[in-house]
Amino acid sequence: MTILFRFLWAVFLAIIVAINFSQSWKQEHGRYRKKGESQDETMVYISPLVFPIVIFGVIIITIAFCGMREGIVQFTEIVMDVFLCMSVYFVILLLVLPFLRKRFSARVCAVLWIAPVFLFWQPHMLLSATAYTSNQGVSLHTVCIPESILRGFAYVWVSVFLMIFGWQILSHFLFRHKLMKGARPVEDEEVLKIWDRERKRLRYKKPIRLLYTPNTATPLSVGMYNESRATCLPEREFTADELRLIFRHELHHVQRRDVDTKVFLGFCKALFWFNPLTWVAARKASDDLELACDEIALRKAEGSERHQYAELLLNTAGNSQGFSTCLSAAATSLRYRLKNVIAPGKRRVGPFLLAIAIFCCCMSYGSVVLVSERGTVGELCFPSNVTAKDVTELDFYDDEEHGKATEGSTWRSLESCDEKMLSWLKGLKVEKMFSDSKADPGGEPEFSWWIETDRELHMDLTGKMLSVYIGGEDNSDYYLVRSEIDWDYVRACFKEGKLEKDE
């Protein structure tokens, strides 16, 4: 993937997501609706469920093509790339979150947490080149993990991930079973009138059950599909105003498909179980989902109604369990919500902020690359007993820009190599990449050489990428070149040597 293509794609994706966010915002605030038009969902661009679906799809593909053992290692390497990107993103977001919450809408803060979904729903972003290894540059940073450690960690990581995510799914179904035990449909006509009025107000027409259940202390919503979707009320009396606020809050959760976001957050915690920042980020993201629904439920509320809503939050405080959204929350986040409810302040909508985040994520992904070894070409690539006589041919594109063959370039070849040239080649500092799926030389080779000892070795140097092809093996190895290449020295060697071809 060239830098130009990545830039254009980043701009396109950022614009699309920002426009979609703006449209969702306008729809939720009653703008640009056509009479009788359904507005079942106002999620931004794409469901967060796509992220775990794509990740599971990638692991199935890698195992199918590489086998179980190698597939798990390859998949671990891909996930480590995602882990590095998301960890940096979450750290930055955690640091600037207090500033963002004061100046931007809670809705955009909630969407910012799922920005990686907009990036990684595209399988080509996971499987295509991630390193900036074009002729114009090289990856900004590398993290070295010995291959033996990665292979050992791969099985531990996958096992713990499956246990944590499996337990989350099991816990959700146990909670849902407990929640529905003894549940009964709401039949009170006054309650149903308020429910229907709020649904019409939001133009939400998809099926959703309204239930009373004795096994919850706070109103909540569960279910991702029409057959399972339900809003549950505790067995207690609520005033008409309280019911209106409860229904408005929960229906916005349903309309935005926030349960899908809860699954995404749970998946992230399981996938990156070894990173405590992911767990902190998931908790903050859940808080912002609630803040966003408070914001829209009270968008035209006066002081008395806001105080009533704050009392409702206090009287129904509880913990959200499983993949569900609830009206109130535990004390850890309730204080900030109450402050925001009573004195909301004026905030910007923030679609441009979301666009900037998407653009930066797209452009920076792959700027940190995993490598398994560091050393010189002589240490990592050449046979130990290689001599200058073993180098059978060298080819060089004699181009002033040393980028790739262009019109007017001169292609030169040498049949032999001297010890000085061989020593220079051996001394180039390189870092071995884990996977060839991450390598993309991005042009024609600038410098190639062939070596024949007990086996044939062919090397291509393109920009800052060294490709090593070993005779008799299907796979190639790829290295990032860290040394500055003295192209004047290379040109001088070819001019002084015997030219076999000059076109």
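The structure displayed is predicted, hence computed values, not measured ones.

Conventions adopted
Residues numbered from 1 in each chain as written. Predicted model: local features only at pLDDT ≥ 70, side-chain atom pairs only at ≥ 80, totals over all residues. Heavy atoms only, no water. Core = buried A, V, L, I, M, F, W, Y, C linked by side-chain atoms within 4.5 Å. Buried < 20%, exposed > 50% of the residue type's maximum accessible area, 1.4 Å probe, protein only. Helix = DSSP H or I, 4+ residues; strand = E, 2+ residues; numbered from the N terminus. Contact = heavy atoms within 4.5 Å. Expected span 1.5 Å × (residues − 1). Pairing = 2+ DSSP bridges.

For the rest of this paragraph, the subject is the nonpolar core. Grouped together as the largest cluster of nonpolar side chains are 73 residues, with contacts concentrated most on Phe51, Met86 and Leu271. The biggest single contributor to this core is helix H3 (residues 68–103), with 17 residues. Setting aside chain neighbours within four positions, we find methionine 86 in contact with Phe51, Pro116, Phe120, Phe264, Cys268 and Phe272. Listed in part, the 33 residues of the second largest apolar core include Phe382, Val386, Phe447 and Leu461.

Moving on to unusual backbone geometry. Trans peptide bonds make up the majority, and among non-glycine residues the majority have a negative phi. Backbone geometry places tyrosine 45, a non-glycine residue, at a positive phi of 70°. Positionally, tyrosine 45 belongs in the loop between helix H1 (3–28) and helix H2 (50–66). The class of tyrosine 45 is partly exposed, set by a relative accessible area of 28%.

This brings us to H1. End to end, H1 covers 37 Å across 26 residues, agreeing with the expected 38 Å (1.5 Å per residue, within 8%). Residues of H1 that are buried include every one of Arg6, Ala10, Leu13, Ala14, Val17, Ala18, Phe21, Ser22, Ser24, Trp25 and Glu28, and no others. Looking one or two residues beyond H1, the residue adopting positive phi is glycine 30, at roughly 80°.

All right, on to the pairing of strand E5 (residues 230–234) then. Side-chain positions along a regular strand alternate between the two faces of the sheet. Judged by how many residues are buried, E5 sits mostly within the fold: 5 of 5 residues are covered. Taking every second residue as pointing to the same face, both faces of E5 are buried, with Ala230, Cys232 and Pro234 on one and Thr231 and Leu233 on the other. Two strands pair when backbone bridges link them, and strand E3 (residues 209–213) and E5 are joined in this way by 5 bridges, in the parallel orientation. Counterpart to threonine 213 in the pairing with E5 is proline 234. The sheet contact formed by strand E4 (residues 220–222) and E5 spans 3 bridges and is antiparallel. Bridge assignment links leucine 220 to a residue of E5, and that residue is cysteine 232.

On the basis of which strands lie adjacent, the open sheet formed by 5 strands has the order E2-E3-E5-E4-E6 and mixed pairing. Single-partner strands in this sheet number two, and they are strand E2 (184–185) and strand E6 (324–326). As judged from the 3 bridges shared by E4 and E6, these two strands associate in the antiparallel manner. If you follow serine 221 over to E6, its bridge partner there is threonine 325.

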